[in-house]
Amino acid sequence: MTSNASCAAPPTVRVSVRRLVNLAGFALCAALIAYALYSQLHLGLEPCPLCIFQRIGIALLGVVFLAAALHHPRGWGRYGYALAIGLSALATLLVAARHVYVQSLPPGSLPSCGAPLSVLLKFTPVWEVVRKVLTGSGECGVVNWRFLGLAMPAWVLLWALALGTAGVIANLKQER
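Starting afresh in each chain, residues are numbered from 1 along the sequence in its written order. Residue-level local features of this predicted model are given only where pLDDT is at least 70; pairs of side-chain atoms are given and counted only at 80 or more, and the full residue set underlies all totals for whole chains, interfaces and linings. In computing side-chain values, all of the structure's heavy atoms are included and hydrogens and water are not.

Some words on the overall build of the protein chain
Thinking step 1. Put simply, DSSP marks the helices as runs of H or I at least four residues long and the strands as runs of E at least two long, and each gets a number from the N terminus on. Helix and strand counts for the protein chain come out as 7 helices and 2 strands.
Thinking step 2. Helices (α) and strands (β) of the protein chain occur, in sequence order from the N terminus, as α-α-α-α-α-α-β-β-α.
Thinking step 3. Accessibility here uses a 1.4 Å probe with only protein chains present; expressed as a share of the type maximum, an area under 20% marks a residue as buried, one over 50% as exposed, and anything in between as partly exposed. Taken over 176 residues, the protein chain has a buried fraction of 33%.
Thinking step 4. Whether two residues are in contact is decided by their heavy atoms, any of which lying within 4.5 Å being enough. For the protein chain, contacts bridging at least 24 residues in sequence account for 82% of all contacts bridging at least 6.

See below:
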């Protein structure tokens, strides 16, 4: 005699595609930040102010992805997360695009390096620091790392575009 219970199929666990995309987005953002820290601490590549703003953007994007994965709203909340992911990715993309532009300018066309970012933050209003950093300086025009012919800001631009697009689409898509 056999028991019917032993012949039953194991219960299936259905994981939401949206939750998987949000978790993957968080993991990729964490990996990007980890590599940025590795390149700074192990490879000796000191980040310029635009690099720091890009790190902040990727970190913010990762936090939004994590919140979306953990909260996982079923109704209108997913639109809020799609908007937050889109805006975070867009801000990061714009800073990275500015950095790519600054790096493409001929040498000598940018103002010389000013005070370090920590000093600017100590003595200057935040919005003035943001404006000053986004205008770029000599240190932001230096390309000291390349992979497959692209400098780090170009990679950040591509990752922000890909992550933002995937996050927005996944959070807007209605699940069955």
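Re the nonpolar core
Thinking step 1. Among the nonpolar cores identified, the biggest contains 12 residues, and these are Cys29, Ile58, Leu61, Val64, Phe65, Ala68, Tyr81, Ile85, Ala89, Ala96, Val156 and Leu163.
Thinking step 2. Of all the elements in the fold, those that place two or more residues in this core are helix H3 (49-71), helix H4 (77-104) and helix H7 (152-172).
Thinking step 3. By residue number, the principal contributor to this core is H3, which donates 5 residues.
Thinking step 4. In this text, buried Ala, Val, Leu, Ile, Met, Phe, Trp, Tyr and Cys residues form a nonpolar core when linked through side-chain atoms within 4.5 Å. Among the nonpolar cores identified, the runner-up in size contains 6 residues, and Phe53, Val95, Val102 and Cys140 belong to it.

A word on the side chain of asparagine 22
Thinking step 1. Relative to the assigned elements, asparagine 22 resides in helix H2 (residues 17-41).
Thinking step 2. Classification of asparagine 22 as buried rests on a relative accessible area of 0%.
Thinking step 3. Ignoring sequence-local partners within four residues, the contact set of asparagine 22 consists of Phe65, Ala68, Ala69, Ile85 and Asn171.

Description of unusual backbone geometry
Thinking step 1. The phi dihedral of histidine 72 is positive, around 45°, even though this residue is not glycine.
Thinking step 2. Structurally, histidine 72 is set in the loop between H3 and H4.
Thinking step 3. Note on histidine 72: relative accessible area 10%, which makes it buried.

Digging into the state of the cysteines
Thinking step 1. In plain terms, two cysteine sulfur atoms within 2.5 Å form what is called a disulfide here. In total, this model carries 0 disulfides according to the counting rule given.
Thinking step 2. Just so you know, cysteine 51 is unpaired, no disulfide at all, and the nearest cysteine sulfur is the one on cysteine 48, 3.4 Å from it.

Digging into the packing of H2 against H7
Thinking step 1. Think of each axis as a best-fit line through the C-alpha atoms, taken over the contacting stretch in the case of a helix, with angles from 0 to 180 degrees between the N-to-C directions. At a minimum axis distance of 9 Å, the contact between H2 and H7 shows a crossing angle of 165°. In terms of their interaxial angle, H2 and H7 are classed as roughly antiparallel. Helix-helix and strand crossings are classified by hand; for H2 and H7 the assignment is left-handed. Taken together, the residues of H7 that come into contact with H2 (itself represented by Arg18, Val21, Asn22, Gly25, Leu28, Cys29, Leu32, Tyr35 and Ser39) are Met152, Trp159, Leu163, Ala166, Ala170 and Asn171. When an angle is under 35 degrees it counts as roughly parallel; over 145 it counts as roughly antiparallel; between 65 and 115 it counts as roughly perpendicular; any other value is oblique. Crossings are assigned a handedness: left-handed for a near helix turned anticlockwise from the far helix by less than a right angle, right-handed for a clockwise turn.

Notes on the packing of H3 against H4
Thinking step 1. Put simply, H3 and H4 touch, their axes get as near as 9 Å, and they point 165° apart. Looking at the two axes, H3 sits roughly antiparallel to H4. Once H3 is placed against H4, the crossing between them reads as left-handed.
Thinking step 2. By residue class, the composition of the contact of H3 with H4 is 17 nonpolar, 6 polar and no charged. Classification used: nonpolar for Ala, Val, Leu, Ile, Met, Phe, Trp, Tyr, Cys and Pro, charged for Asp, Glu, Lys and Arg, polar for all others including Gly.

Re the packing of aromatic side chains
Thinking step 1. Note on ring pairs: Phe, Tyr and Trp rings are taken, using the six-membered ring of Trp, and paired if centres are within 6.5 Å. Classes follow the plane angle, with under 30 degrees stacked, over 60 edge-to-face and the rest tilted. Inspection of every chain in the model, using the stated rule, returns 2 aromatic pairs.
Thinking step 2. Ring centres of tryptophan 76 and tyrosine 79 lie 4.9 Å apart, and the angle between their planes is 45°; on these two criteria the pair is classed as tilted.
Thinking step 3. Counted as over-ring charges are cases with an Arg CZ or a Lys NZ within 6 Å of the ring centre that also lie within 35 degrees of the ring normal. The side chain of arginine 78 reaches across the aromatic face of tyrosine 79, ending 4.6 Å from its centre.

Details of H7
Thinking step 1. Between its first and last C-alpha, H7 extends 30 Å over 21 residues, near the 30 Å set by a 1.5 Å rise per residue.
Thinking step 2. Listed in full, the buried residues belonging to H7 are Pro153, Ala154, Val156, Ala160, Leu163, Gly164, Gly167, Ala170 and Asn171.
Thinking step 3. Tucked into the core, H7 has its buried residues touching H2, H3, H4 and strand S2 (150-151). By definition here, a helix of n residues has an expected span of 1.5 Å times n minus one.

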